[in-house]
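# A look at the structure
Below, each chain spelled out in residue letters.
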Amino acid sequence: MSENVSGKRYILALDQGTTSSRAILFDEAAQAVGLAQLPFEQRYPKPGYVEHDAMEIWETQREAMRQCLQSAGVRPDQIEAIGITNQRETTVIWERDTGKPIAPAIVWQCRRTAARCDELVQDGWAEKIRDKTGLVVDAYFSATKAEWMLNRSPELRERAAQGELLFGTVDSWLLFQLSGKRLHVTDVTNASRTMLFNIHTLDWDDELLELFGIPRAMLPDVRPSSALYGETDAAVFGARVPLAGIAGDQQAALFGQGCFQPGMAKNTYGTGCFLLMNTGDRPIASTHGLLTTVGWQIGDEVTYALEGSVFIAGAGVQWLRDELGLIQDAAETETLAYSVPDANGVYLVPAFTGLGAPYWDPYARGTIWGLTRGANRAHIARASLEAIAYQTRDVLDAMEIDSGMALQRLLVDGGAVQNKFLLEFQAGVLGIPVVRPEQFESTARGAAFLAGLSVGFWPNLEHLTKLIGTAATVFAPQMEESQREELYQGWKRAAHLSRGWLQES
Ligand SMILES: Nc1ncnc2c1ncn2[C@@H]1O[C@H](COP(=O)(O)OP(=O)(O)O)[C@@H](O)[C@H]1O
Ligand SMILES: O=P(O)(O)OC[C@H](O)CO
């Protein structure tokens, strides 16, 4: 460890993702100068269920902060502010007094409330929910997850009404712990993923709270994404440091990529894949299966976004590694994909937790189509990467129609963009260049920017744009139009055939 005695100042970003908790330290030039990452357990107690231990989320996040500072030789009191960004929708309910979760966190991918969502649609709620929240009725969002947790006993609902139990997405959960159990706050971007929040009035929606039986007393205060929420508890962090930025990870990536102008978009390839376009101060309602969501709020200014959410992207690669044992590590998919000229007619539809945008089918399940005697593991590995690119094409097509804007290039980031094959194939399937900035820690950088703006560490968006710079690798499309369409039509057929699997008798 090198002892940093210079007194230099930094912003610390906490990036609490679906599969790991990360802490990244940024200097004034917005360079990442320290990083620590700890994975944590994914639990699948039943088919379609996905859970995390909220305590493990907090402990890994705390340890990641400690390791990050230690390896960079930076003291807690050198941190100017902390920004939090997080896996969204994942729902935690905990006791105010003890800070202990009452149950495992229900993860955004979990399908346990799919039947409840069907009921809501049958009861005619879909349009009203879309108008108020910008969301499609789906088990993805927090509302039915929190309802499910409270439904376990009437006593829980009573305690929630008394304010003894608190609801939060992962940002709130971390903020509560970091502040020594003092702050119960979220930001507009995370609130906009709950299906309880009105994205026009920017407040919890009483009609929806009643529908889901969620007492207002258990909900966090909703604040802008860049604001002084409070301070860390010195006993927890080692110093009292301003907690000054919060955004859901996909919105943070949009901000961290510098997509400050309407029409700018990015796609993040992590566990899932999330394409977001800045639509300015106007929420645009989708007619093609996209979501309308809050991009960020700074002061009184709200920026909205259109979003295409794909549930399984890099997680498909993890599945090849962890469940099938087909590869040793994620990077091997690149070598395997290049080792064959094409996927040999194989399509892998990774609908492990149903299909998100633009299909919204909780009953679809994973399938592999087109297997022949000649199909080998390289074809399957390649098909799993190609599926990521096809799903992105699905949402990009929808976005161009909904927004009326044609993308000239796609900015990308996230763990899986290390895969060169994926990005080359992506450019081919979209027919536009794919641009990977030199620093693709956009999610953490977005959270750092929001925190840094709030405490004056960085002055304004123009300054941030300069810090982001233009250094990038550009992947130009190198596929004939006819091949692109032929391959994509095959994907459409495969995705279609995977739908409704659980509903067929
Ligand atoms: N070289 C690679 N090729 C393909 N996928 C990769 C590669 N490296 C990492 N991934 C995938 O990226 C994901 C991790 O990215 P990350 O952005 O950290 O995810 P999250 O924030 O969802 O936890 C994993 O699902 C992993 O399988
Ligand atoms: O943790 P990630 O990067 O997989 O992102 C998850 C999303 O926020 C879910 O909506």
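Note that the structure is predicted; figures quoted are calculated from it, not measured. (Residues numbered from 1 in each chain as written. Chains lettered and ligands numbered in written order. Predicted model: local features only at pLDDT ≥ 70, side-chain atom pairs only at ≥ 80, totals over all residues. Heavy atoms only, no water.)

Take Val170: it is sitting in helix α6 (residues 170–178). Residue classification places Val170 among the buried positions, given a relative accessible area of 0%. It is 9.1 Å that separates the C-alpha atoms of Val170 and Gly248, two residues lying 78 residues apart in sequence. (Helix = DSSP H or I, 4+ residues; strand = E, 2+ residues; numbered from the N terminus. Buried < 20%, exposed > 50% of the residue type's maximum accessible area, 1.4 Å probe, protein only.)

Around ligand 2, the surrounding shell consists of Gly17, Thr18, Gln87, Arg88, Glu89, Trp108, Tyr140, Asp249, Gln250, Thr271 and Phe274. One of the side-chain N or O atoms of Thr18 is found 2.6 Å from an oxygen atom in ligand 2. Glu89 has a polar side-chain atom sitting 2.6 Å from an oxygen atom of ligand 2. In isolation ligand 2 offers 300 Å² of accessible surface; the protein chains occlude 92% of this area. When grouped by side-chain class, the residues that make up the shell around ligand 2 number three nonpolar, five polar and three charged. (Near = heavy atom within 4 Å. Polar contact = N/O pair within 3.5 Å; in protein donor to acceptor, adjacent residues only side chain to side chain. Areas by Shrake-Rupley, 256 points an atom, 1.4 Å probe, with all protein chains shown as cover. Nonpolar A, V, L, I, M, F, W, Y, C, P; charged D, E, K, R; others polar.)

Before going further, it helps to examine the nonpolar core. The biggest cluster of nonpolar side chains holds 135 residues, and the ones touching the most others in it are Ile214, Met218, Tyr269, Trp458 and Trp491. Two domains share this core, each providing at least three of its residues, namely domain 1 (10–239) and domain 2 (258–437 + 470–504). One finds Ala23, Trp94, Tyr229 and Phe237 within the second-largest nonpolar core, a separate group that totals 40 residues. (Core = buried A, V, L, I, M, F, W, Y, C linked by side-chain atoms within 4.5 Å. Domains from an automatic or database assignment.)

What follows deals with the confidence of the model for the protein chain. Mean pLDDT over the protein chain: 95, with 98% of residues reaching 70 or higher. Overall fold confidence (pTM) sits at 0.94, and the ipTM for the predicted complex is 0.97. (pLDDT = per-residue confidence, 0-100.)

All told, the structure shown has 33 salt bridges when counted by the stated rule. Notably, a salt bridge pairs Glu80 with Arg9, separated by 2.7 Å at the nearest N-O pair. With Glu80 in strand β5 (residues 79–86) and Arg9 in the segment before β1 (10–16), the pair connects residues that are 71 residues apart, well separated along the chain. Classification of Glu80 as partly exposed rests on a relative accessible area of 24%. In this structure, Arg159 engages Glu95 in a salt bridge whose closest nitrogen and oxygen atoms are separated by 3.0 Å. Of this pair, Arg159 sits in helix α5 (residues 154–161) while Glu95 sits in strand β6 (residues 92–95), and the two are 64 residues apart along the sequence. Connected through shared salt-bridge partners, Arg88, Glu89, Arg193, Asp249 and Glu307 make up one network. (Salt bridge = Lys/Arg side-chain N within 4 Å of Asp/Glu carboxyl O.)

Another aspect to go through is the UniProt feature "binding site: ADP" (unreviewed entry) in the protein chain. Following the UniProt record, one finds the feature "binding site: ADP" (unreviewed entry) at Thr18, Arg22, Thr271, Gly314, Gly415 and Asn419. Tracing the sequence through the fold places Gly314 in helix α11 (residues 314–322). Ignoring any residue separated from it by four or fewer positions in sequence, one finds Gly314 in contact with Gly270, Thr271 and Ile388. Relative to the helices and strands, Asn419 is located in the loop between β21 (410–413) and α14 (420–430). Setting aside residues no more than four positions away along its own chain, Asn419 makes contact with Thr333, Glu334 and Leu385. (UniProt positions renumbered as here; feature names shortened; annotations may be inferred. Contact = heavy atoms within 4.5 Å.)

A few words now on the packing of helix α15 (residues 442–454) against helix α16 (residues 461–468). Where α15 contacts α16, the axes come no closer than 11 Å and their chain directions differ by 145 degrees. α15 and α16 meet at a crossing whose hand is right-handed. Residue-level inspection shows Arg445, Phe449 and Leu453 of α15 in contact with α16, the latter providing Leu461, Leu464 and Ile468. Residue composition of the contact of α15 with α16, by class: five nonpolar, no polar and one charged. (Axes fitted to C-alpha atoms, helices over the stretch in contact; angles between N-to-C directions. Left-handed = near helix turned anticlockwise from the far one by under 90°.)

Our next topic: the side chain of Ser226. If you trace the backbone, Ser226 turns up in strand β13 (residues 226–231). Residue Ser226 is classed as buried on the basis of its relative accessible area, which comes to 10%. Among the polar contacts listed, one links the side chain of Ser226 to the backbone nitrogen of Ser454, at a separation of 3.5 Å. Among all residues touching Ser226, those that are not within four sequence positions of it are Ala244, Gln297, Ile298, Leu450, Leu453 and Ser454.

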